[in-house]
Amino acid sequence: TLIGILGGYHLLYSREEMNNVFWWVRDEKVRLTKLVSNHNGILFRVREDEDWFVEYVTDNIVKIGYTRKDFFLREMTMKKLIVEEDVDQVIHSFYTQKKMGKDKIALEYRIRTKDGNKVWVKATVFKSEKSNEKYDTVNFILEDITQFKKLQNELQSSKEALKVKL
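Residues numbered from 1 in each chain as written. Predicted model: local features only at pLDDT ≥ 70, side-chain atom pairs only at ≥ 80, totals over all residues. Heavy atoms only, no water.

Draft legend 1. How the structure looks around empty space enclosed by the protein. Evaluated as defined, the whole model comprises one cavity of 30 Å³ or more. The space that makes up the largest cavity amounts to roughly 50 Å³. Every residue lining the largest cavity is listed: Phe94, Lys98, Lys102, Asp103, Lys104, Ile105, Val125, Phe126, Lys127 and Val138. Breaking the lining of the largest cavity down by element, the ones donating at least two residues are α5 (84-99), β3 (104-112) and β4 (118-127). A total of three residues in the lining of the largest cavity trace back to one element, the largest contributor, which is β4. When grouped by side-chain class, the residues that make up the lining of the largest cavity number five nonpolar, no polar and five charged. (1 Å grid on protein atoms, 1.4 Å probe; cavity = no way out; pocket = protein on both sides within 12 Å on 5 of 7 lines; lining within 4 Å. Points joined across faces, edges and corners; volume = space filled by probe spheres on them. Helix = DSSP H or I, 4+ residues; strand = E, 2+ residues; numbered from the N terminus. Nonpolar A, V, L, I, M, F, W, Y, C, P; charged D, E, K, R; others polar.)

Draft legend 2. Molecular detail of the nonpolar core. Counting 29 residues, the largest nonpolar core has Phe44, Leu81, Tyr109 and Phe140 as the members making the most contacts within it. Among the elements of the structure, β1 (42-47), β2 (54-57), α4 (78-81), α5, β3, β4 and β5 (137-144) are those that each provide at least two residues to this core. Discounting residues that sit within four places of it in the chain, phenylalanine 140 has contacts with Ile42, Leu43, Phe44, Val46, Trp52, Met78, Tyr109, Ala123, Thr124 and Val125. (Core = buried A, V, L, I, M, F, W, Y, C linked by side-chain atoms within 4.5 Å. Buried < 20%, exposed > 50% of the residue type's maximum accessible area, 1.4 Å probe, protein only. Contact = heavy atoms within 4.5 Å.)

Draft legend 3. How the structure looks around the layout of surface pockets. The computed volume of the second largest pocket comes to approximately 160 Å³. Taken together, Asn40, Gly41, Ile42, Lys63, Ile64, Ile111, Thr113, Val119, Val121, Leu142, Glu143 and Asp144 make up the lining of the second largest pocket. Ranked by the residues each element gives to the lining of the second largest pocket, the list is headed by β5, at three residues. Class assignment of the residues belonging to the lining of the second largest pocket gives a composition of six nonpolar, three polar and three charged.

Draft legend 4. Summary view of the sheet that holds β4. Within the open sheet, the five strands sit side by side as β2-β1-β5-β4-β3. Their pairing is antiparallel. Every other strand in the sheet has two partners, leaving β2 and β3 as the edge strands with one partner each. On average, each strand axis in the sheet is tilted by 25° relative to the strand beside it, whichever way the strands run. Lying on the sheet, α5 is in contact with β3, β4 and β5; it crosses β3 at an angle near 170°. (Pairing = 2+ DSSP bridges. Axes fitted to C-alpha atoms, helices over the stretch in contact; angles between N-to-C directions.)

Draft legend 5. Just unusual backbone geometry, in detail. Of note, tryptophan 52 is a non-glycine position whose phi angle comes to about 60°, a positive value. Assignment of secondary structure puts tryptophan 52 in the loop between β1 and β2. Judged by relative accessible area, tryptophan 52 falls into the buried class, the value being 3%. Positive phi, close to 65°, is recorded for arginine 74, a residue that is not glycine. Tracing the backbone shows arginine 74 in the loop between α3 (68-72) and α4. The exposure class of arginine 74 is partly exposed, given its relative accessible area of 45%.

Written out as structure tokens, the structure is:
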């Protein structure tokens, strides 16, 4: 923990220097949290357990109707967020790419908003630092690509209609 890490420095720093370091780390955490929260995508840190428990999610999860509390109380997990028909494919694709040694994994799938709508997302997945925990963790950035998928489907329909006319 932060206190544990900083606690070891009490032998090297005076009380005033220690307080300055503590407040700097605290302020830096606030700045980084704001930076991450201003990203268009929703950022997650996900535990690779059976349910893909969410250890961290940015405040902008409200874009899809959920709160951070929904995830921290385990009412929602990353696996529950994914549309049921897509779960097996997402998991298979994720672990296949991970076994290939990829540091950055790209996935496209649908998630369900709190009000039940389906939204297409592009997920960029990065390895987290190795920890001594029982489970590995990965970082997800989810970006809404629903409009792109709609345009893609319209283009495909137009191509098929054109082929029929020709």
